[in-house]
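Tertiary structure, described
Chain by chain, the residues:
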Amino acid sequence: MMTRRTKRGLSALAAAAVVASLTLVVAATAAPAPAHASDPDPATQQYRPYLHYTPVKNWMNDPNGLVYYNGTYHMYYQYNPYGTTWGNMSWGHATSTDLLHWTEQPLAIPQTFNGSGQATEDIFSGSIVVDSQNTSGFGTLQNPPMVAVYTSNFTGNHPTLAGKQAQSLAYSTDSGQTWTKYSGNPVLNRNTTDFRDPKVFWYQGAAGSYWVMSAVEANEHRVLFYKSTDLKSWTYLDDFEPANATGGQWECPDLFPLAVDGNPNNIKWVLVVNINPGSVAGGSGGQYFVGSFDGTTFTSETTDPVDVAPPGTLLAGFNGGSYSGWNVSNDPANPGGPWGTAPPSGTLAGQQTVTGSIGAGLVNGFNGGDVPTGTLESAPFAITKDYINFLAGGGNHPRQAGEQPGNTPPPGYLLFDGFEYPGTLSAAGWQLTGDLEAARNPSTVGGEYAIGKRINTFEGGPNADNNTGTITSPEFYLTNTNIGFLLGGGNRTDGQLQVELLVNGVPVRSTTGSNSGDMNWKNWDVTPYYGQIARIRIVDNATGAWGHLTLDNMVLGSEPAKPRSSETTVNLMINGQAVRTTTGSNSEHLEWKAWNVSAYKGSEATIRIVDNNRGGWGHILADEFVASDITRLEQHDWLDWGRDYYAAVSFSNAPDGKRIMVGWMNNWDYGQSTPTSTWRGTMALPREVQLTQTAQGPRLTQKVVQEVDALKNTGAAYTASAQDIAPGTSTLPVSGDVVQVDAEFSPGTASAFGLKVLGNSTEATKVGYATSSGRVFIDRTASGNEGFHPAFASVDDVPVQLINGRLRLRLYVDRASVEVFAQDGLATLTDQVFPAAGANTLSLFSEGGTARLESLTVTPLHNAMW
């Protein structure tokens, strides 16, 4: 798989390269660069985990090809052999006999290169099966093959499939050590750009016996099912359509059966769908559905209805035929737009079909099309709940810091009369060369947001975009520190199309356009040239599409020009400031969004909806604002409620029918910035998942595989007697940064209570329970190094019901991570942390009253790695 942020570079680029044979035997010599004596000892590296798998060096993300064969667990994974950030995607490989002690193996399946040494195929996520019946013909019945089914991400250098993703095969007949790419690849191609992450298993049921593949169309939020009898030829079965969380790309699906509470007569199927972004804690995460599979169709029993808002107080539903107290500001230049006089019921003229709204009306900024701009603002209201949930769609044009809602010039002296000359530029002392004619300059047309006349090199000569030449101003003195101006038109980075500031005839500042007809404010800081004589020169030596510039309203002043906002946003306003903001995703489908507003309880606020964009997707949709104690996402079922458990999939062929899952312990929000040194990327501890009956129906429970018990240093375990926890922090007489903690609490009179781990005198990671909200949390806002990325510091939590008035927690603490299993694994939280060196203090805490510790055992764990 890959993420939204990385896949955008994969446009279909033609390349005249000769492709080397796609049948490639990967020998052990295709390993990453070997370790050298100068390399640091992994055991001494800060943040290197001792329980969790990490490669010795370089980047790792999703687990791939998890399979058990002949007494060995194989874990393949997305790997960059050449660096510590995402790229050069290949399959790394590690093996273990107990799921904890892993041995890194040579590179398994590398990128494919053409004869010129250019990468033509990246090896994205997939799965491995043991083809025990040799259905593929890649081995024999006596020596059945292991078959990898993976996504070929064809690069721009591929001669026929550039930019496409399709499913391919590789096989091994030596227990997964070397792999041969199938000469008939790809074996399943939809000719699309985001078809990926195949997970394959052998199905045997009433419908027959065959291989089943689940894969995703990531941006369509669909899981597609196919069947095959030989792993080479695939037949489409069915789709699982968008459901529950759809705020990001769907990735890494997995479908498997489980017995409810171990009852073989009560089998349910679980469909795992990972999502990025849009998880319950933000960024990357994994959701799951429970239902049935008949060999063709997966039917979910846990899909939440899309037309039901979360429980709470309705702030606005737009269903009464009017905007009901909202202040409507339509565009004076485009009467009736963007909001109209009343909320529409759905799709407007000229608009693609609007879906996902609830009730009789919604906010739809497409009245008059994309051109009108305006605002729509609610009456003031008091914030009384932790969250505001709402539906949003339309254009993806976020609010940017430092922008202005209007088109106001900066204060200062207007140079060149704003080009409002009664005659030509030549008559005003400007010099024109090439195709640019005095009679055509200045212009009165071209360039949205111009203020009166402007310079337009498209209109300024007879050849439109093919005009070439220069326009140079008279001299003027730089008597202030900034020049702000409106600029539009084409973008060139080679100096062929730009407006320049000349000092002593030399360009000292230059700016090009952005391939847009909308003019926007640009600014030059000219402080170094204060008091000197200058000129403005417009250079247009560009031809073809966007081979022109538009320039207007140059102001010399003390304040920088503020760019005009082009946002399509929904904003929470407090004291005139936007404290929360959301935009659409260039879709007419409204998705559930949620703001955490707990920090603003008691404040007066308004909701301001802004359409300040006249271009493509220049409109916004909104509906059903609900103040609530929970978010819409919390109504769904999640594998983990922390920030660092993603791309989780299960082992094929695991012994004793167990379902064992592994996830990448990271988040794409900040995953490429984590402060590790020679490596980046960690796997979560392997978990056995089971289904248990709850009041809501069968749901997953999770526990770390039982093999972890062999790591316990029970002789050094610390056990505390039952005791009250007084308000404040109580340091325990035991410390450690690689430990298992088992604790049971009663709330008493406390508002919050729990444990602090990986602490020192000033910092710690808090794992606790908030009694008013009934939520277990990990608070890593003061856990050590949180400043390496603005998205890292967080408080992640999960609703947890007390059982007989008590809370049971099990924690696995491993130097740079905390995995929390609450109430015997009914809820889990997984977070990375990056504590200061030596931070190993363990403490109890209570807030707002006295809590009760019913039992506590801290068990040191022997290293599994290094």
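The notes below deal with the structure included here. Because the structure is predicted, anything quoted here is derived from the model rather than measured.

**Considerations on the overall build of the chain**
In terms of helices and strands, the chain carries one helix and 59 strands. Taking 2.2 N^0.38 as the reference for a compact globule, 866 residues should give roughly 29 Å; the C-alpha atoms of the chain span a radius of gyration of 31 Å, in line with that estimate. C-alpha atoms of the chain, sized along the principal axes, occupy 95 × 70 × 60 Å. By sequence separation, contacts in the chain at least 24 residues apart represent 70% of the contacts at least 6 residues apart. Split by element, the accessible area of the chain, about 31800 Å² in all, is 48% carbon and sulfur. Looking at the chain, you have 50 positive and 76 negative side-chain charges, and the mean spots of the two groups are 1 Å apart.

**Some words on empty space enclosed by the protein**
Tallied over the full model, the rule gives three cavities of 30 Å³ or more. Lining the largest cavity are 15 residues, with Tyr 47, Thr 682, Ala 816, Gln 832 and Phe 834 positioned closest to its centre. Looking at the lining of the largest cavity residue by residue, the classes come out as six nonpolar, seven polar and two charged. Empty space within the second largest cavity amounts to approximately 80 Å³. If you go around the second largest cavity, you meet 14 residues; those closest to its centre are Pro 63, Gly 126, Pro 198, Lys 199 and Val 649. At the level of elements, strand S2 (58-69), strand S7 (119-130), strand S12 (195-205), strand S16 (249-259) and strand S42 (646-650) are the ones that each hand at least two residues to the lining of the second largest cavity. At four residues, S2 tops the list of elements feeding residues into the lining of the second largest cavity. Partitioning the lining of the second largest cavity into residue classes produces six nonpolar, six polar and two charged.

**Side note on the packing of aromatic side chains**
In this structure the tally under the stated criterion is 48 aromatic pairs. Judged by centre distance (5.9 Å) and plane angle (50°), the ring pair of Phe 225 and Phe 293 falls under tilted. With a gap of 68 residues between them, Phe 225 in strand S14 (residues 222-228) and Phe 293 in strand S18 (residues 285-293) connect regions that are remote in the sequence. Phe 293 shares its class with Phe 225; the two are buried.

**Examining the nonpolar core**
Counting residues in hydrophobic clusters, the biggest one holds 59 residues, and the most contacted among them are Val 776 and Leu 811. Ignoring sequence-local partners within four residues, the contact set of Leu 811 consists of Val 739, Gln 740, Val 741, Leu 755, Val 757, Val 767, Val 818, Glu 819 and Val 820. Within the second largest apolar cluster, 42 residues are counted, among which are Phe 651, Leu 711, Tyr 812 and Leu 861.

**Looking at the sheet that holds strand S44 (residues 679-680)**
Spatial ordering of the open sheet is given by S5-S4-S3-S2-S44, a layout of five strands whose pairing is mixed. Looking at strand neighbours, the two that pair on one side only are strand S5 (103-104) and S44, the edges of this open sheet. Pairing of S2 with S44 involves two bridges; the strand directions are parallel. From the neighbouring strand, Trp 59 faces S44, where its bridge partner is Arg 680.

**Structural notes on the sheet that holds S42**
Strand order in the open sheet formed by four strands is S42-S43-S45-S46, with antiparallel pairing between adjacent strands. Of all the strands in the sheet, just S42 and strand S46 (697-704) have a single pairing partner and so form its edges. Averaged over neighbouring strand pairs, the angle between their axes works out to 40° when direction is ignored. Of the strand pairs in this sheet, strand S45 (residues 687-694) and S46 are connected by eight bridges, and their pairing is antiparallel. Pairing of Thr 692 across the sheet is with Arg 699, part of S46.

**Considering the pairing of S16**
If a strand is regular, its side chains alternate between the two faces of the sheet. Counting buried positions along S16 gives nine out of 11 residues, so the element sits mostly inside the fold. Here S16 runs beside strand S17 (residues 267-276); their pairing, made up of nine bridges, is antiparallel. Counterpart to Glu 251 in the pairing with S17 is Asn 274.

**What to know about the layout of surface pockets**
Considering only enclosed or pocket space, the second largest pocket measures out at about 930 Å³ in volume. Residue lining of the second largest pocket: 30 residues in total, with Asp 637, Gln 696, Arg 699, Pro 799 and Leu 826 positioned closest to the centre. At the level of elements, S46, strand S54 (795-799) and strand S57 (827-832) are the ones that each hand at least two residues to the lining of the second largest pocket. The leading source of residues in the lining of the second largest pocket is S46, at three residues.

**Quick look at the pattern of salt bridges**
Pairs can form between side chains of opposite charge whenever their charged atoms are close. A complete count under the given rule lists 32 salt bridges for this structure. Taking the shortest distance from any N to any O, the salt bridge between Arg 780 and Asp 644 comes out at 3.0 Å. Placement of Arg 780 in the loop between strand S53 (775-779) and S54 and of Asp 644 in the loop between strand S41 (620-628) and S42 is noted, with a sequence separation of 136 residues between them. The pair Arg 780 / Asp 644 is uniform in exposure class, with both members buried. With a shortest N-O distance of 3.0 Å, Arg 687 and Glu 819 are connected by a salt bridge. Of the two residues, Arg 687 sits in strand S45 while Glu 819 sits in strand S56 (residues 817-822), which places them 132 residues apart along the sequence.

**Description of unusual backbone geometry**
A cis geometry characterises the amide bond from Gly 337 onward to Pro 338, with omega recorded as 5°. Relative to the elements of secondary structure, Pro 338 occurs in the loop between strand S21 (327-329) and strand S22 (363-364). The residue Tyr 47 is not glycine, and still its phi comes out positive at about 75°. The residue Tyr 47 is located in the loop between strand S1 (25-26) and S2 in this model. Judged by its relative accessible area of 11%, Tyr 47 falls in the buried class. If you check the backbone angles, Asn 653 has positive phi at about 65° while not being a glycine.

**Regarding the side chain of Asn 482**
By the secondary structure assignment, Asn 482 is in strand S31 (residues 482-489). In this structure the side chain of Asn 482 is engaged in a polar contact, spanning 3.3 Å, whose partner is the backbone oxygen of Ser 558. If near-sequence neighbours (up to four positions away) are discounted, Asn 482 is found in contact with Asn 523, Trp 524, Asp 525, Val 526, Val 555, Leu 556, Gly 557, Ser 558, Glu 559 and Pro 560.

What counts, and where the lines are drawn
The numbering scheme is per chain: residues are counted from 1 as the chain's sequence reads. pLDDT decides what is reported in this predicted model: residues at 70 or higher carry local features, side-chain atom pairs at 80 or more are listed and counted, and totals for whole chains, interfaces and linings draw on all residues regardless. Heavy atoms throughout the structure, all of them, feed into the side-chain values; hydrogens and water do not. Each helix is a run of H or I in the DSSP string that is no shorter than four residues. Each strand is a run of E no shorter than two, and both are numbered from the N terminus. Only C-alpha atoms enter the radius of gyration, while the globule expectation follows 2.2 Å times N to the 0.38, with N the number of residues. By definition, residues are in contact when any of their heavy atoms lie within 4.5 Å. Surface exposure here means Shrake-Rupley accessible area, sampled with a 1.4 Å probe, where a residue is shielded only by the protein chains that are shown. The charge count includes Lys and Arg as positive and Asp and Glu as negative, but it does not include His or the ends of the chains. Taken as the charge location is NZ of Lys, CZ of Arg, CG of Asp or CD of Glu. Here a cavity denotes a set of grid points, spaced 1 Å apart and computed over the protein atoms alone, in which a 1.4 Å probe fits but from which it cannot get out, and a pocket denotes an open set meeting protein on both sides within 12 Å along at least five of seven lines; residues with an atom within 4 Å of a point are reported as lining. Grid points are joined across faces, edges and corners, and a volume is the space filled by probe spheres set on the points. Nonpolar residues are Ala, Val, Leu, Ile, Met, Phe, Trp, Tyr, Cys and Pro. Charged residues are Asp, Glu, Lys and Arg, and all others, Gly as well, are polar. Aromatic pairing here means that ring centres of Phe, Tyr or Trp (its six-membered ring) are within 6.5 Å. Orientation follows from the plane angle: under 30 degrees is stacked, over 60 is edge-to-face, and everything else is tilted. Burial classes: relative accessible area under 20% of the type maximum marks a residue as buried, over 50% as exposed, and values in between as partly exposed (1.4 Å probe, protein chains only). Among buried residues, the Ala, Val, Leu, Ile, Met, Phe, Trp, Tyr and Cys ones that are joined through side-chain atoms within 4.5 Å form a nonpolar core. Strands are labelled as partners when DSSP assigns at least two bridges between them. Orientation is described by axes fitted as lines to C-alpha atoms, over the contacting stretch for helices, and by angles from 0 to 180 degrees between their N-to-C directions. Salt bridges are identified by distance alone: a Lys or Arg side-chain nitrogen within 4 Å of an Asp or Glu carboxyl oxygen. Between N or O atoms, a polar contact is any pair within 3.5 Å; within protein, one atom must be a potential hydrogen donor and the other a potential acceptor, and residues adjacent in sequence are included only when both atoms are from side chains.

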